[in-house]
Amino acid sequence: PTDKQKRDNEVKRSNGVSGHLDFQKIIESYVDPLTHNLRPIPIEIDSESAIGNRVGFERMKSFIQDLISQHSTTKDENGNVVRDNTSKFYTEEVIYDEKKDRAGTIDFLMVDKDGKASIYDWKFLSISKGENDIPWYKQDAATTQIREYRRILKDSYGLKSCGETRAIPIVMEYYSDYKSAPVLR
């Protein structure tokens with residue numbers, strides 16, 4: 001690779017790490033990282049982003065609010081929406097399959113009271129100019145990664161069933177000055 005390609009790749013790698021830190025900060029404002037339970041009241045956090053983009057951070061925060069709400073509410077016998085505090089929420093959860101000596105880190109794992117897990121993996125990436133979608137080979141790699149997470153959870157942790165499993169693309173738009181803006185698509 002050229003010096004410019006090396007520099008570009010380092011910026012992208014660094015922004016991916018920063019984006020994961022932003023998601024973790026947001027999730028932990030809702031979830032106690034020691035108990036993995038929802039906090040009774042979310043912790044107030046500032047919009048200071050590790051990625052350096054306040055608008056992108058707010059989009060990420062809104063996305064996480066919706067995702068947690070989707071997995072933490074239920075309807076009572078009268079059809080009223082009520083908070084369900086039985087689900088567990090894990091962020092940056094390391095899993096390991098001792099038999100195959102394979103490990104991975106699940107970006108966001110939610111397990112409901114029945115033991116059904118939902119897996120979300122953040123994919124910070126850029127797409128080529130003129131393209132409208134993530135390249136097929138990156139889609140295939142993400143699908144394989146999540147399939148392997150599901151297998152490890154079943155084989156090594158006794159997972160009974162899986163709910164949603166998603167690779168969430170966060171398209172990074174890079175500018176000539178190396179500043180970036182995450183765009184949830």
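Above this text you will find the structure in question.
What comes next is a walk through the structure. Just so it is clear, the structure is predicted and the values come from calculations on it, not from any experiment.

A look at the nonpolar core
Right, so step 1: Residues Ile64, Ile68, Phe108, Trp122 and Phe124 are the most contacted members of the largest nonpolar core, which totals 22 residues.
Right, so step 2: When contributions to this core are tallied by element, the ones reaching two or more residues are helix H1 (3–30), helix H2 (54–72), strand E4 (102–111), strand E5 (116–125) and strand E6 (161–174).
Right, so step 3: The element that contributes the greatest number of residues to this core is H2, accounting for 5 residues.
Right, so step 4: Formed by 10 residues, the second largest nonpolar core is a distinct cluster that contains Tyr90, Ile106, Leu109 and Leu159.

Comments concerning unusual backbone geometry
Right, so step 1: In this structure, Glu92 takes a positive phi of about 50 degrees despite not being glycine.
Right, so step 2: By the secondary structure assignment, Glu92 is in strand E3 (residues 88–97).
Right, so step 3: Residue class for Glu92 comes out partly exposed when judged on its relative accessible area of 24%.
Right, so step 4: Although it is not a glycine, Asp101 adopts a positive phi angle of roughly 50 degrees.
Right, so step 5: The topology assignment puts Asp101 in the loop between E3 and E4.

Concerning H2
Right, so step 1: Taking 1.5 Å as the rise per residue, H2 with 19 residues should run 27 Å; its terminal C-alpha atoms sit 26 Å apart, in good agreement.
Right, so step 2: For H2, the full list of buried residues reads Gly56, Phe57, Met60, Lys61, Ile64, Leu67, Ile68, His71 and Ser72. Each buried residue of H2 sits inside an arc of 140 degrees when the element is viewed along its axis, so together they form one side. Exposed positions of H2 whose direction lies more than 90 degrees from the buried face are Val55 and Asp66.

Digging into the pairing of E5
Right, so step 1: By the criterion of burial, E5 is predominantly enclosed, with 8 of the 10 residues buried.
Right, so step 2: As defined by bridge partners, E4 adjoins E5 across 4 bridges and the pair is classed as antiparallel. Directly across from Phe108, in E5, lies its bridge partner Tyr120.
Right, so step 3: Here E4 folds back onto E5 in antiparallel fashion, the turn holding 4 residues, of which Gly115 has a positive phi close to 85 degrees.

Details of the pattern of salt bridges
Right, so step 1: Counted under the stated rule, the structure contains 9 salt bridges.
Right, so step 2: In this structure, Arg151 engages Asp155 in a salt bridge whose closest nitrogen and oxygen atoms are separated by 3.0 Å. With Arg151 and Asp155 both in helix H3 (residues 136–157) and 4 residues apart, this pair spans about one turn of that helix.
Right, so step 3: The closest approach of N and O atoms between Glu164 and Arg166, which form a salt bridge, is 3.8 Å.

With respect to the environment of Glu164
Right, so step 1: Relative to the assigned elements, Glu164 resides in strand E6.
Right, so step 2: It is 22 Å that separates the C-alpha atoms of Glu164 and Ser29, two residues lying 135 residues apart in sequence.
Right, so step 3: Not counting residues within four places of it along the chain, the set of residues in contact with Glu164 comprises Leu67, Gln70, His71, Ala117, Ser118, Ile119 and Tyr120.
Right, so step 4: Side-chain polar atoms of Glu164 contact the side chain of Gln70, separated by 3.3 Å.

Details of the environment of Ile51
Right, so step 1: With respect to the secondary-structure elements, Ile51 resides in the loop between H1 and H2.
Right, so step 2: Residues Ile51 and Asn15, 36 residues apart in the sequence, show an inter-C-alpha distance of 5.9 Å.

Criteria and cut-off values
Residues numbered from 1 in each chain as written. Predicted model: local features only at pLDDT ≥ 70, side-chain atom pairs only at ≥ 80, totals over all residues. Heavy atoms only, no water. Core = buried A, V, L, I, M, F, W, Y, C linked by side-chain atoms within 4.5 Å. Buried < 20%, exposed > 50% of the residue type's maximum accessible area, 1.4 Å probe, protein only. Helix = DSSP H or I, 4+ residues; strand = E, 2+ residues; numbered from the N terminus. Expected span 1.5 Å × (residues − 1). Arc of directions from axis to C-beta. Pairing = 2+ DSSP bridges. Salt bridge = Lys/Arg side-chain N within 4 Å of Asp/Glu carboxyl O. Contact = heavy atoms within 4.5 Å. Polar contact = N/O pair within 3.5 Å; in protein donor to acceptor, adjacent residues only side chain to side chain.

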